[in-house]
Amino acid sequence: MTNNRFPEQHGPPSEMEKIKDQSDYLRGSLVESFAERLSAGIPDEQTKLLKFHGSYMQDDRDVRNERKQQKLEPNYQFMIRVRLAGGVASPEQWLTMDELANTNGNGTLKLTTRQTFQLHGVLKWNMKKTIQGMNEALMDTIAACGDVNRNVMCNANPYQSDIHAEVYEWSKQISDHLLPRTRAYHEIWLDEEKVLDSREEETEPIYGPLYLPRKFKIGVAVPPSNDVDIFSQDLGFIAILEDGKLQGFNVTVGGGMGMTHGDTNTYPQLAKVLGFCKPEQTLEVAEKILTIQRDYGNRSERKNARFKYTVDRKGLDWIRQELNARLGWDIEEERPYSFDHNGDRYGWVKGDDKWHLTLFIQNGRVKDTEDYPMMTGLREIAKVHQGDFRLTPNQNLIISNVAEEDKAQIEDLAAQYGLTDGRHNSALRQNSMACVAFPTCGLAMAESERYLPSLIDKVEDILDESGIREEEIIIRMSGCPNGCSRPALGEIGFIGKAPGKYNMYLGAGFRGDRLNKLYRENIGEEEILEELKPMLQNFAREKEENEHFGDYVIRAGYVNAVPDGVEFHT
Amino acid sequence: MLQLKEKNSPFNQEQAEQLNRVLPTLTETQRIWLSGYLAVPLNGAGIEDPPQTSEAGGTAAANPTREVTILYGSHTGNCESLSEEFAGKLKEQQFNVTVSSMDDFKPKALKKVEDLLILTSTHGDGDPPDNALSFYDFLHSKRAPELDGVRFSVLALGDSSYEFFCQTGKEFDQRLEELGAERIADRVDCDLDFEEPAEEWFQAVAEELDTGQNQTGDVPQAAPGLNQTSETVYSRSNPFNAEILENINLNGRGSNKETRHLELDLEGTGIQYKPGDSLGIFPENDPSLVDQLIQLMDWNPEETVTINKQGEIRALREALTSHFEITSLTKPLLEKAAALTSNEALKELVDPENSQELKAYTEGRDLLDLLQDFGPWDASVHDFIAILRKIPVRLYSIASSPEANPDEVHLTIGAVRYDAHGRPRSGVCSVQCAERSEPGDKLPVFVQRNQNFKLPENEETPVIMIGAGTGVAPYRAFLEEREENEASGDTWLFFGDQHFVTDFLYQTEWQRWLKEGVLTKMDVAFSRDTDEKVYVQHRMHEHSKELYEWLQSGAHVYVCGDEQYMAKDVQETLLTILKEEGQMNDEQAEQYLADMRQAKRYQRDVY
């Protein structure tokens, strides 16, 4: 089937292609699977379709073996990811998510590295009402996972509200334009009546019945901030401003983080700039690029199915020609731009007469602990806040668009609940990011979210001794090489190999414009600290003015620079 | 030889005629043997353990003329095994004995009964056991025949911590008298430690049966070679110390419950059981509770005390740990304790006028409470020991099939823990299993047969199994058995507990059996996962139509677990389904169920 539909397929279609093909536009037997009462899980092939509906089946891996002994199945539960273009949520939406997390989830909210909410620990029989609860607050989870365009990221720029509003609007439109058209989601979760329609091409005019070969990620950046890590996106739009006005976007293609341990045919890659388009051309360009990947992406080997491999295989020029051919017009030459950082700027800032408070949320986990009632504090703010919430690409949170007269009230609430901009932390911690990993992520090979904070405690001692606590260094950890926390762009990066063991990478660019390089393989905490200590001490002594740690380790010879992903393993 | 007559002998006419027929036929040797035999006291040891004779041949002699009918009402199997034990002993004495459960006995045959022995337990709130129900109803109805000429005696089993102690036995005893039967031995009401009083009752009854018969006591020549082999036979009176092979908690983290799965080693014991049977455990009291008692009373833990009528002695601590009940209070205990204190409050409490207060006091309290509340005590440790009940055996439905697990027996035991009267309390045996039983430790056990909870003999018969919590245990045994036997009949399991995630006992096993077709259908109800509480009976009702079809196709229905709520509601639901789906009225539905019970198609193991 697949090989007849698409040119250049070099192997039989993967199992996933068959599942999609037989799913009747993502319906599968999800209704029956969720009605079944004897397992808290659903069959394996249904979990693969469920992703397109924004949810992963997971289990509490902390108790997996224990439960097996107890003659209990794994503690199956579902992660639900919201589609939230640009990470902008209204206070009502915040309150809805907060409530759903506490009633149907595990009492926490995860702000993701792609600027959206994740609920964890939702039980099978609570799925429908949870999704309906989101729907009532005008949120959905369509295409939040799966082989489709994922949540569209957008710069969370708190300085220029007008520009942000305009750029955010484009990210939202891209998100809506590339949304699957199947009514499966509405039928399964929202009880919509099924309407019979056998005309395939009208059901999914952009995707077709097999959707994409693999996930597809889009981001929109506004220089000088590269918070969305534009070069990690399959497709990127870099806003070009002149005289404070949006002129259009530089279009980037072929970035991506994921790889497979031990398979050098897989690698993280930086996106390349393809050209420039005007704002009104954005949707057309996005659609056509997506269809190139739809037609030319590898549907046989999922490890090599991301757009980055298509771009590297076909070459940038070919992509541009194919795009121009599909557009019927030529995209323009890229315009000059420059980034200077990819981290967040914490605390209160004022932009265009509105105030914005960026709060530090360690690894994006919103929860209450005994000594830090963060979740409660944010709930209290949401109850009175007139602006919006912005989830940043670094898993932090901006209380955004606060009017001058409301600022004191927000300030008081933040103080009352101890909500922190994190500036008492080291600049390393402020620039840290970890994926979820254990206990819920099925892919995790090592701890990440639960471990990175304590590793940073120890690294901070070294920073303090060396007097570089205020030095901004990007540190990222992922529990597996799929790279949800974009670890290949960490000046210090860790990718899990086994419990307590990580590959250590060094030398990415502070602006998110250079990949890091493997420095040590399969090491534990003791060795990590033994490696980092002299390196940071030397950095403190030898660093040149404005020199970032990622640049220093290359100059000092710890690692070679990786200008292109194809050299990542060499 | 003298012709025996009523006038010249102590025999009645019938007996005299029999003797006159037999005696002239005897050889010299037989006469000598018989004279010696008759010289031995009839209730002596010689009778209790007579040699096996059936194969000896040539011993045909005058059988006793009156037939003995033993009817039992048994819930956990105690009355059933006692009945069979006594029947065996009587048969050895050449009595004609029939033994059956009350419900297996045709009520019409009651008219022909001569000597009737009733053994029955009492259930819940003074109710008869399931397999005594219809006989009980018949006997108490107007259709019950006059029983002139019938001789009877009743053995009642019960638990004195219940308000209606031995109620069913008392009622049978009274009713038989009302119907004109003659009581040959007084009823004996047994508490949980029933073995000794039951044996005493049997001796008294046996003696009366003898004298009443004027029988010749036809016991033929000794045949020592035919004595039973010396291989150890394990039983309630000789429990086996089974090693624990596995002891796991079946409830996942975060559960309100703790349900232990125990696997015990029976290798080499010859102990046999069938799915549906129970395993008895002789438990031990919590040592810390024993120590608190000893400390409170300032007793010497090493002092020796007498633990039974045979005069065996043990150190006090061991006696309190392993031999006596210290965790529940009964009315008789309080009455006896009242004599050991000068505290007026206790004397007042046991006054018959205050029976409600007494009942309220005993609930949730134990010996430590009693001793703390009603001092100063004016008695020795021996006085206290003398008023205590023996520690009762705990019975658990077996959760394994011997076919699937040769040489093993598995149990499903819910740990009982609660707070009462300001102190945490725990179930003696269940918490011993949960907290003080490691693999490698041993538990004294015996098999208690339960004929009232057995798979249908025909393997094609469909089976509906309903159980909540640990009530699911025998169904695991059932399915293991059916898997081993490759039984073809359909099976349908209803299971309920609190939470799906943590309390789905044996979840992966049911899932496997479903996948492999050993289990045809399964429906579950988890009461605390939803705002509205859902129980097994709700799931049954949801499937009314199909369930009725199964019943109509001859399905056997099993109910195991909590009696007070679950079993009652399940029964109500079965009646509702019969009425709704079978267009029956109340009476017809009741009758349908009664017929099912009679046909052993409705079996319950509830507690």
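Let me sum up the structure you'll find in this document. (Residues numbered from 1 in each chain as written. Chains lettered and ligands numbered in written order. Predicted model: local features only at pLDDT ≥ 70, side-chain atom pairs only at ≥ 80, totals over all residues. Heavy atoms only, no water.)

With respect to the overall build of chain B
And then number 1: Within chain B, the secondary structure is distributed over 22 helices and 21 strands.
And then number 2: Its C-alpha radius of gyration of 27 Å places chain B within 12% of the 25 Å reference for a compact globule of 607 residues.
And then number 3: Principal-axis analysis of the C-alpha atoms gives chain B an extent of 90 × 65 × 50 Å.
And then number 4: With 607 residues in all, chain B has 52% of them scored as buried.
And then number 5: Sequence-distant contacts in chain B: of pairs separated by 6 or more residues, those separated by 24 or more amount to 76%.
And then number 6: Split by element, the accessible area of chain B, about 28,300 Å² in all, is 46% carbon and sulfur.
And then number 7: Within chain B, one finds 56 positive and 108 negative side-chain charges whose respective centroids are separated by 3 Å. (Helix = DSSP H or I, 4+ residues; strand = E, 2+ residues; numbered from the N terminus. Rg over C-alpha atoms; globule rule 2.2 N^0.38 Å. Buried < 20%, exposed > 50% of the residue type's maximum accessible area, 1.4 Å probe, protein only. Contact = heavy atoms within 4.5 Å. Areas by Shrake-Rupley, 256 points an atom, 1.4 Å probe, with all protein chains shown as cover. Lys, Arg positive; Asp, Glu negative; His and termini not counted. Charge placed at Lys NZ, Arg CZ, Asp CG, Glu CD.)

With respect to the overall build of chain A
And then number 1: The helix and strand inventory of chain A stands at 19 helices and 22 strands.
And then number 2: Relative to the globule expectation of 25 Å for 570 residues, the C-alpha radius of gyration of chain A, 23 Å, shows essentially globular dimensions.
And then number 3: Structurally, chain A occupies a C-alpha span of about 70 × 55 × 50 Å along its principal axes.
And then number 4: Taken over 570 residues, chain A has a buried fraction of 64%.
And then number 5: For chain A, the share of sequence-separated contacts (at least 6 apart) that also reach a separation of at least 24 residues comes to 69%.
And then number 6: Side chains of chain A carry 69 positive and 91 negative charges; the gap between the two charge centres is 5 Å.

A short note on helix 11 (residues 282-296) of chain A
And then number 1: The first and last C-alpha atoms of helix 11 of chain A sit 21 Å apart over 15 residues, in line with the 21 Å expected at 1.5 Å per residue.
And then number 2: Counting buried residues in helix 11 of chain A gives 14 out of 15 residues, a clear majority hidden from the surface. (Expected span 1.5 Å × (residues − 1).)

Topic: the state of the cysteines
Residues and elements named next belong to chain B.
And then number 1: Taken as a whole, this structure holds 0 disulfides over all chains when the rule is applied.
And then number 2: The thiol sulfur of Cys79 is not disulfide-bonded, and the nearest other cysteine sulfur, from Cys190, lies at 8.2 Å.
And then number 3: In this structure Cys79 comes out as buried when scored by relative accessible area, which is 1%.
And then number 4: The thiol sulfur of Cys429 is not disulfide-bonded, and the nearest other cysteine sulfur, from Cys433, lies at 4.3 Å.
And then number 5: Classification of Cys429 by relative accessible area gives buried; the value is 2%. (Disulfide = S-S within 2.5 Å.)

Digging into the nonpolar core
Across soluble globular proteins, you tend to see nonpolar side chains buried next to one another.
And then number 1: Within the largest apolar cluster, 96 residues are counted, with the highest numbers of intra-cluster contacts made by Trp94, Phe117, Phe237, Ile289, Leu378 and Ile399 of chain A.
And then number 2: Counting residues per element, this core draws most heavily on helix 11 of chain A, which supplies 7 residues.
And then number 3: Setting aside chain neighbours within four positions, we find Leu378 of chain A in contact with Trp94, Leu359, Ile361, Val366, Phe389, Leu397, Ile399 and Leu419 of chain A.
And then number 4: Grouped together as the second largest cluster of nonpolar side chains are 35 residues, Val305, Ile307, Leu346 and Trp377 of chain B included. (Core = buried A, V, L, I, M, F, W, Y, C linked by side-chain atoms within 4.5 Å.)

Description of the pairing of strand 4 (residues 151-157) of chain B
Residues and elements named next belong to chain B.
And then number 1: Counting buried positions over the 7 residues of strand 4 gives 7, a clear majority of the element.
And then number 2: Burial along strand 4 is two-sided: Arg151, Ser153, Leu155 and Leu157 facing one way and Phe152, Val154 and Ala156 facing the other are all buried.
And then number 3: Bridge analysis of strand 3 (residues 115-121) against strand 4 gives 7 bridges, and the strand direction is parallel. Following the sheet pairing, Leu119 is matched in strand 4 by Leu155.
And then number 4: Viewed along the sheet, the connection from strand 3 through helix 5 (residues 133-139) into strand 4 turns out right-handed.
And then number 5: Both strand 4 and strand 5 (residues 182-183) contribute to a ladder of 2 bridges, which runs parallel. When the bridges of strand 5 are listed, Phe152 appears paired with Arg183.
And then number 6: In the classification by handedness, the crossover that spans strand 4, the intervening helix 6 (residues 167-178) and the parallel strand 5 is right-handed.
And then number 7: Two strands pair when backbone bridges link them, and strand 4 and strand 6 (residues 188-190) are joined in this way by 3 bridges, in the parallel orientation. Counted as the bridge partner of Leu155 is Val188 from strand 6. (Pairing = 2+ DSSP bridges. Right-handed = clockwise from strand over helix to strand, strands pointing away.)

Remarks on the packing of aromatic side chains
Residues and elements named next belong to chain B.
And then number 1: With the rule as written, the count across this model stands at 46 aromatic pairs over all chains.
And then number 2: Judged by centre distance (5.0 Å) and plane angle (80°), the rings of Phe478 and Tyr558 are edge-to-face. Placement of Phe478 in helix 16 (residues 473-485) and of Tyr558 in strand 20 (residues 556-561) is noted, with a sequence separation of 80 residues between them. For the pair Phe478 and Tyr558, a shared accessibility class is recorded, and that class is buried. (Phe/Tyr/Trp six-rings, centres within 6.5 Å; stacked < 30°, edge-to-face > 60°.)

Observations regarding the environment of Ile19 of chain A
All names here are of chain A.
And then number 1: Mapped onto the elements, Ile19 comes out in helix 2 (residues 15-21).
And then number 2: Judged by its relative accessible area of 14%, Ile19 falls in the buried class.
And then number 3: Spatially, the C-alpha atom of Ile19 lies 8.6 Å from that of Gln46, the residues being 27 residues apart in sequence.
And then number 4: Excluding residues that lie within four positions of it along the chain, Ile19 makes contacts with Glu45, Lys48 and Leu49.

Points about unusual backbone geometry
Trans peptide bonds make up most of the peptide bonds, and negative phi angles are found at most residues other than glycine.
Residue and element names in this part refer to chain A.
And then number 1: For the peptide bond that leads from Pro223 to Pro224, omega is 15°, which places it in the cis range.
And then number 2: Looking at the secondary structure, you find Pro224 in the loop between strand 7 (218-221) and strand 8 (235-242).
And then number 3: Here the amide bond leading from Phe438 into Pro439 is cis, since omega sits at 5°, within 30 degrees of zero.
And then number 4: Positionally, Pro439 belongs in the loop between strand 18 (432-434) and helix 17 (452-466).
And then number 5: For Asp229, which is not glycine, the phi dihedral falls at a positive 50°.
And then number 6: Among the secondary structure elements, Asp229 is positioned in the loop between strand 7 and strand 8.
And then number 7: Asp229 sits in the buried class, given a relative accessible area of 0%.

Details of the sheet that holds strand 12 (residues 354-359) of chain A
All names here are of chain A.
And then number 1: Spatially, 5 strands are ordered 3-16-17-12-11 in an open sheet, and the strand pairing comes out antiparallel. Edge positions in the sheet fall to strand 3 (88-89) and strand 11 (347-351), since each has one partner strand and no second.
And then number 2: Where strand 3 and strand 16 (residues 388-391) come together, 2 bridges link them in antiparallel fashion. Its bridge partner being in strand 16, Ala89 is matched across the sheet by Phe389.

Focus on the interface of chain A and chain B
And then number 1: Residue-level contacts link 16 residues of chain A with 23 residues of chain B.
And then number 2: Regarding the contact of chain A and chain B, the summed buried area is about 1,700 Å², with carbon and sulfur atoms giving 53% of it.
And then number 3: Three residues stand out in chain A for area buried against chain B, namely Arg37, Leu38 and Lys71 of chain A, and they jointly supply 44% of the buried area on that side.
And then number 4: Linking chain A with chain B are 3 salt bridges, by the criterion used here.
And then number 5: The salt bridge involving Glu509 of chain B is made with Lys71 of chain A; its shortest N-O contact spans 3.1 Å. (Buried area = accessible area lost by both parts, 1.4 Å probe. Salt bridge = Lys/Arg side-chain N within 4 Å of Asp/Glu carboxyl O.)

Geometry only, nothing functional implied.
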